[in-house]
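Analysis of the macromolecular model
Listed below, chain by chain, are the residues.
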Amino acid sequence: EPEVTQTPSHQVTQMGQEVILRCVPISNHLYFYWYRQILGQKVEFLVSFYNNEISEKSEIFDDQFSVERPDGSNFTLKIRSTKLEDSAMYFCASSEGTVNQPQHFGDGTRLSIL
Amino acid sequence: GNSVTQMEGPVTLSEEAFLTINCTYTATGYPSLFWYVQYPGEGLQLLLKATKADDKGSNKGFEATYRKETTSFHLEKGSVQVSDSAVYFCALKRTSGSRLTFGEGTQLTVNP
């Protein structure tokens, strides 16, 4: 069964540095998403992306964050000037559509900011 | 705004016990409702879904019924197994928009 893959599985970065989290969505999916889960808290929506542009974003997704689909297969989340509170598990997801089609999640990237 | 509330965990059961994990929601309109499961070290996997009132989602022995009158989507299984040990997340999606709104997650441990 096709799956969403995320790399790396664990990223350790110094505070203030930029980090790029990578995702390869399922090949025939058109909608892409990022979520995060701070330890002990809920899974929170960050952003959705369709047709090479952001279709929806949460209040968490401020100017520090950006997303990109640099080629036909990858979908990236960039965090500029990381802060301690960015430490979390980041999940990528993809779906064929947004009405009743489910979102399929990757295994996540654990980001640790030191 | 939209929100999802799950019963507090963790939940510990013996093998073959009956499972209920409560989930209630607040939303305008008629959201779609989901249960996701996260096994240790893995991502979120869709377990089941329901898209309109009175729909019953089912998969792998798990069931949940979309109850509009009580704004609930409780997860049930008649006989749990050790392999069901995982974190279970209830989630909703509005008819407009694409974001999933998750509950807190409920850790289930099933002992042999």
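In this text, all values refer to a predicted model and were calculated from it rather than measured experimentally. (Residues numbered from 1 in each chain as written. Chains lettered and ligands numbered in written order. Predicted model: local features only at pLDDT ≥ 70, side-chain atom pairs only at ≥ 80, totals over all residues. Heavy atoms only, no water.)

Some details on the interface of chain A and chain B
One widely used convention gives an interface's size as the accessible area the parts lose upon coming together. On the chain B side, the residues contacting the 20 residues of chain A number 20 residues. For the pairing of chain A and chain B, the buried interface totals around 1700 Å² over both sides, and the portion due to carbon and sulfur atoms is 49%. A salt bridge links Glu56 of chain A to Arg94 of chain B; the shortest N-O distance between them is 3.0 Å. There are ten residue pairs in polar contact (both at pLDDT 80 or more) connecting chain A and chain B. Of all the secondary structure elements, the ones that give two or more residues to the side of chain A that touches chain B are strand 4 (31-37), strand 5 (43-50) and strand 6 (53-57) of chain A. Residues belonging to the side of chain A that touches chain B are distributed by class as follows: eight nonpolar, seven polar and five charged. (Contact = heavy atoms within 4.5 Å. Buried area = accessible area lost by both parts, 1.4 Å probe. Salt bridge = Lys/Arg side-chain N within 4 Å of Asp/Glu carboxyl O. Polar contact = N/O pair within 3.5 Å; in protein donor to acceptor, adjacent residues only side chain to side chain. Helix = DSSP H or I, 4+ residues; strand = E, 2+ residues; numbered from the N terminus. Nonpolar A, V, L, I, M, F, W, Y, C, P; charged D, E, K, R; others polar.)

Digging into the side chain of Gln64 of chain A
Residues and elements named next belong to chain A. Assignment of secondary structure puts Gln64 in the loop between strand 6 and strand 7 (65-68). Among the polar contacts made by the side chain of Gln64, one reaches the main-chain carbonyl oxygen of Ser81 at a distance of 3.4 Å. At a separation of 2.6 Å, a polar atom in the side chain of Gln64 contacts the side chain of Asp86. Ignoring anything within four residues of it in the chain, the contact list for Gln64 reads Lys78, Ile79, Arg80, Ser81, Thr82, Lys83 and Asp86.

A look at the environment of Ser14 of chain B
Residue and element names in this part refer to chain B. Mapped onto the elements, Ser14 comes out in strand 2 (residues 11-14). Through-space distance from the C-alpha of Ser14 to that of Thr109 is 8.4 Å; in sequence the pair is 95 residues apart. Leave out the neighbours within four places in its chain, and Ser14 touches Val80, Val110 and Asn111.

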